[in-house]
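A look at the structure
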Amino acid sequence: MRKLFDATFFTLTLLCAVTACGVLLLLVSAILFKGFPALSWHFLTEQIRLVGAEGGIFYNLVGTLILIGTALLVAAPIATGLALTHSVYLRNHRAKRSLELLLFTLNGVPSILFGIFGLIVFVKFLGWGKSWLAGGILLGVMILPTVTVALLERIRMIPRKYIEAAAGLGLSQSQIVRSIILPQSIGGLVTGSLLGLARAAGETAPIMFTATVFAGAALPQSVKESPVLSLPYHIFILAQDSFDPAITTKLWGSAAVLLALVCVLSLIALPLRLKIHEEAQHG
Amino acid sequence: MVELKQVSLPCQPEPISAPILEVRNLTVRAGKRVILQNVSLAIRPNQVFGLIGPSGAGKSTLLKCLNRLAELTPGLQVTGDVLYHGRSIFDRSVDPDHLRTRIGTLFQQPVVFPRSIYQNVIFGIKHVGDIPRRQRMEVAAMALTEAALWDEVKDRLDEPAQRLSVGQQQRLCLARTLASSPEVVLMDEPTSALDPKSTTAIEELIVRLKSNRTVVLVTHNIPQARRVADWLACICVTDNVGQMVETSCCDQMLTSPQCQAVVEYLKHSQG
Amino acid sequence: MSTISPPATLGLLPRRSARPSVTRLASFAFSLLTLAFLLLMLGLFLVQSLPVWRHSGTGFLTGTTWHYPSKLFGSLPMLYGTAVVALIALALAAPIGIGAAIFTSEYLPRRLRLAVKLTIELLAGIPSVVYGLLGILFLRNYVSDALTRMGLDPLSGDTLLTAGILLAVMILPTVMTLTDDALRAVSAQQRVAARGLGLTRTQVICTIALPQARSGILAAVLLALGRALGETIAVFLVVGRQDNVWPQHLLSLRPIVKAGQTLTSKLGGAEVNIAYGDPLHWAAIVALGLLLLVVVVAVTWIGAALGRRSTIHA
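Note that the coordinates shown come from a computational prediction; the quantities given were computed from them, not determined experimentally.

Conventions adopted
- The residue numbering used here restarts from 1 in each chain and proceeds along that chain's sequence as written.
- Labels are handed out in written order, letters beginning with A for the chains and numbers beginning with 1 for the ligands.
- Selection of residues for local features in this predicted model requires a pLDDT of at least 70, selection of side-chain atom pairs for listing and counting requires 80 or more, and totals for whole chains, interfaces and linings are taken over all residues.
- Under the scheme used here, helices are H or I runs from DSSP no shorter than 4 residues and strands are E runs no shorter than 2 residues, and both carry numbers assigned from the N terminus.
- Whether a residue is buried, exposed or partly exposed follows from its count of other C-beta atoms within 10 Å of its own C-beta, namely 20 or more, 12 or fewer, or something in between, respectively; the C-beta atoms are built from the backbone.
- Here, residues touch in the contact sense if the C-beta positions derived from the backbone fall within 7 Å of one another.
- DSSP calls a pair of strands paired once it identifies at least 2 bridges connecting them.
- Under the convention adopted here, Pro, Cys and the residues Ala, Val, Leu, Ile, Met, Phe, Trp and Tyr are nonpolar, Asp, Glu, Lys and Arg are charged, and Gly plus all remaining residues are polar.
- A helix is expected to reach a length of 1.5 Å times the quantity of its residues less one.
- Axis angles are defined between N-to-C directions and span 0 to 180 degrees, where every axis is a line fitted to C-alpha atoms and, for a helix, only to the segment in contact.
- Oblique is the label for any angle not under 35 degrees, not over 145, and not in the 65 to 115 range, which are roughly parallel, roughly antiparallel and roughly perpendicular in turn.

1. Here we look at the overall build of chain A
Of regular secondary structure, chain A possesses twelve helices and two strands. Along chain A, helices (α) and strands (β) appear in the sequence α-α-β-β-α-α-α-α-α-α-α-α-α-α when read from the amino end. Per-residue burial over chain A gives 53% buried out of 283 residues. Once local pairs closer than 6 in sequence are excluded, the contacts in chain A between residues at least 24 apart make up 76%.

Below is the structure:
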């Protein structure tokens with residue numbers, strides 16, 4: 001009797017696992033399968049023509065890279081500051097918890113609200129119009145929690161003996177931070193940044209009102225009125241008029257490229273994350 | 001020069017009952033590393049069988065093999081045999097879960113579940129046994145009495161078990177194990193986390209238990225072994241591998257050990 | 001995002017010296033900057049939405065008609081749409097995700113579990129626009145066919161149901177990963193003790209692991225809910241973007257298989273650009289954003305509180 005219950009439970013959960021993994025893998029294969037025919041060097045390096053029905057996505061790729069590059073420059077220092085505040089400078093337990101809550105909250109804010117916020121502040125109030133910089137800043141703030149958490153986890157793993165030794169030699173707090181904590185936590189910063197950028201690369205909502213256009217832009221010339229093209233927005237617009245078969249292949253190709261970019265960024269972080277995971281298990 | 005061959009000495013009077021648990025050429029590996037090699041011993045019913053030896057020698061591992069709890073640790077490979085009532089416990093027809101109701105375990109750290117005292121005691125029989133609900137209270141009372149805890153908790157059975165002191169918690173864990181009426185109780189250093197008073201209480205319990213059960217006890221504490229055990233086996237590490245070095249009745253081993261390794265160990269423990 | 005535990009090592013650091021450190025100042029400045037960002041967002045949304053609160057009062061929340069040319073701003077259908085889509089997503093994703101997590105964390109050996117976990121995390125990184133694309137090109141047709149076969153005669157495959165199903169797939173990895181974490185956090189000692197009493201593996205899962213992981217699993221579901229409520233792009237592409245869809249009778253399920261509108265699909269649409277010229281219209285749009293912010297943050301906070309409780313127990 002018990003054995004029957006055992007077997008049933010096992011089978012049910014197995015089915016769930018198979019369904020979950022199956023569905024997700026099916027998605028990826030669908031994209032790759034459909035998108036592969038459209039991919040070529042030509043596709044990547046030529047710019048858009050004929051509203052996406054002809055030509056390639058060169059400037060879309062460039063635009064996305066500009067956006068996430070800016071996001072990185074914004075997020076990295078701020079995340080480091082947040083991580084140091086939490087691990088080093090705040091001693092009160094409740095203050096630490098509050099900071100964690102701040103990060104948790106920021107992580108939960110829907111991305112479209114970043115877009116609306118950006119519309120109010122950057123586009124209208126500061127008068128920038130659509131600007132790559134606005135997009136980069138918004139994306140950077142959006143990925144702060146991801147980068148900060150990775151940093152915090154890395155800092156947590158710094159062995160006590162290093163800190164003890166340094167304090168024993170008479171180093172001050174800020175000296176220890178600069179000479180031990182920061183250098184040791186670079187791995188976490190890299191991992192967190194890669195994961196954050198992978199997320200930022202695929203986001204449409206924060207940039208569609210503030211930074212990106214569908215056509216008519218190449219490299220930005222200044223800050224104001226300097227939108228960029230981007231991969232996710234490109235897909236977003238084309239997807240809404242997806243009845244032209246010529247467009248459909250390009251659409252799949254763009255999706256495949258975006259996916260590849262996100263995957264590459266996540267996969268580079270993988271060895272580091274595995275190492276951190278292993279150390280956490282045995283450390 | 002350390003003697004490696006296993007020394008088995010006769011004691012007076014000669015024991016006559018057939019062993020309830022027998023270990024034959026047990027070898028335990030974790031990956032490439034050999035933890036225990038070729039251990040053989042015989043445990044007779046209604047006695048307290050002590051496993052002594054330096055820490056890290058593999059005593060706890062050996063204990064866990066006796067009711068197949070070792071299988072729960074991933075990566076451990078067990079070769080050789082363990083016979084319970086003459087039948088191999090690794091036989092296909094043996095249900096390891098059922099085996100563990102016959103051969104219970106008491107761990108070094110008392111592990112109480114986040115439930116009431118009563119729910120803890122009946123945890124095993126509630127989910128495994130065929131004991132109907134009405135009889136559970138009776139079984140719980142008997143188990144708690146046997147574990148010398150009844151008087152202290154009888155008025156507060158519904159309180160959370162975590163409120164008990166460590167010594168009481170360990171007795172609770174013993175009661176929980178005893179509720180399933182196991183024939184053998186395996187104990188892995190059950191008093192090393194306890195204060196002296198609780199330790200004495202548990203030791204008295206162990207001696208009382210052997211009248212209708214068998215106890216296999218792993219202990220670091222030689223005086224404890226002297227007080228409590230009838231028969232001993234010493235597991236020592238030689239060539240980085242745990243091996244059973246000597247087994248004999250308690251008095252004989254501790255007063256006149258034959259094995260050089262045991263002598264060394266006793267000198268270090270008492271010195 | 002996994003729960004953050006306080007670092008153990010750094011209590012050893014000496015107290016700060018009298019001289020202010022640049023690093024310290026900068027770190028605090030950045031932290032305050034982050035806080036300021038959130039507060040500014042909240043503040044701006046509050047201020048810019050004032051006109052519509054003055055104009056419609058609570059009618060904004062209870063009105064069932066949204067028609068901006070006539071200055072009618074009732075958001076109830078959008079609240080309904082948001083709720084329906086999120087609930088459908090949860091109803092599908094929670095059981096499957098929790099079941100799958102139980103399987104991977106309890107039955108799979110360590111290496112396989114890690115492989116599955118990392119694969120799922122990778123798949124969680126698929127951008128929402130790609131999900132939207134898949135929704136348009138595949139899911140939409142399946143739903144349309146299925147509904148036609150059931151005799152429901154849909155206009156297209158763009159329905160609240162479609163959006164719900166798509167969202168379910170999107171939040172599945174979140175549910176799985178966080179539930180897996182919650183189960184892993186349950187004391188191994190207790191599991192072994194229960195096995196020692198003769199309980200089977202499944203019994204240990206049901207009597208020890210699941211009960212103790214309860215608050216962590218609830219947290220996982222709530223965080224997934226938060227994600228579902230806030231998802232814009234994928235929902236936008238398949239929900240139909242039809243205003244004022246509202247059940248005629250109280251428990252009617254009819255609107256679920258029709259095109260609808262959610263808070264996020266409205267906020268991601270063209271009306272946002274149109275609205276800017278008119279202060280009242282703009283206020284209405286921002287008020288929608290404010291509603292979304294408040295609801296999602298509330299759900300996230302409850303999830304965080306529950307998640308914390310489970311780590312304290314462990």
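2. Some words on the pairing of strand S9 (residues 214-218) of chain B
All names here are of chain B. For S9, the buried fraction is high: five of the five residues fall into the buried class. The alternating pattern of S9 places Thr214, Val216 and Val218 on one face and Val215 and Leu217 on the opposite face, and all of these are buried. Sheet analysis places strand S4 (residues 48-52) next to S9, joined by four bridges and oriented parallel. Across the sheet, the residue bridging to Leu51 is Val218, located in S9. In this structure, strand S8 (residues 184-188) lies alongside S9, joined through five bridges in parallel fashion. Bridge pairing in S9 places Asp188 opposite Val218.

3. Brief notes about the interface of chain C and chain A
Taken together, the contact pairs 72 residues of chain C with 83 residues of chain A. With 15 residues, the single largest contributor to the side of chain C that touches chain A is helix H1 (residues 22-56) of chain C. A breakdown of the residues in the side of chain C that touches chain A according to their chemical character gives 47 nonpolar, 22 polar and three charged.

4. What about helix H4 (residues 93-108) of chain A?
Taking 1.5 Å of rise per residue, the 16 residues of H4 of chain A would be expected to cover 22 Å, and the 23 Å separating its terminal C-alpha atoms lies within 8% of that figure. Where H4 of chain A is concerned, the buried positions are Leu99, Glu100, Leu102, Leu103, Phe104, Leu106, Asn107 and Gly108 of chain A.

5. Thoughts on the pairing of strand S10 (residues 231-238) of chain B
All names here are of chain B. Where burial is concerned, most of S10 is hidden: six out of the eight residues are buried. Relative to S10, S4 runs parallel, the two being bridged by four bridges. Residue pairing in the sheet places Leu51 in a bridge with Ala233 of S10.

6. Here's the deal with the packing of H4 of chain A against helix H7 (residues 144-156) of chain A
Residues and elements named next belong to chain A. Where H4 contacts H7, the axes come no closer than 8 Å and their chain directions differ by 140 degrees. As the angle between them shows, H4 and H7 are arranged oblique. Between H4 and H7, the contacting residues are Leu103, Leu106 and Asn107 on the first element and Leu144, Pro145, Thr148 and Val149 on the second. In terms of residue class, the contact of H4 with H7 is made up of five nonpolar, two polar and no charged.

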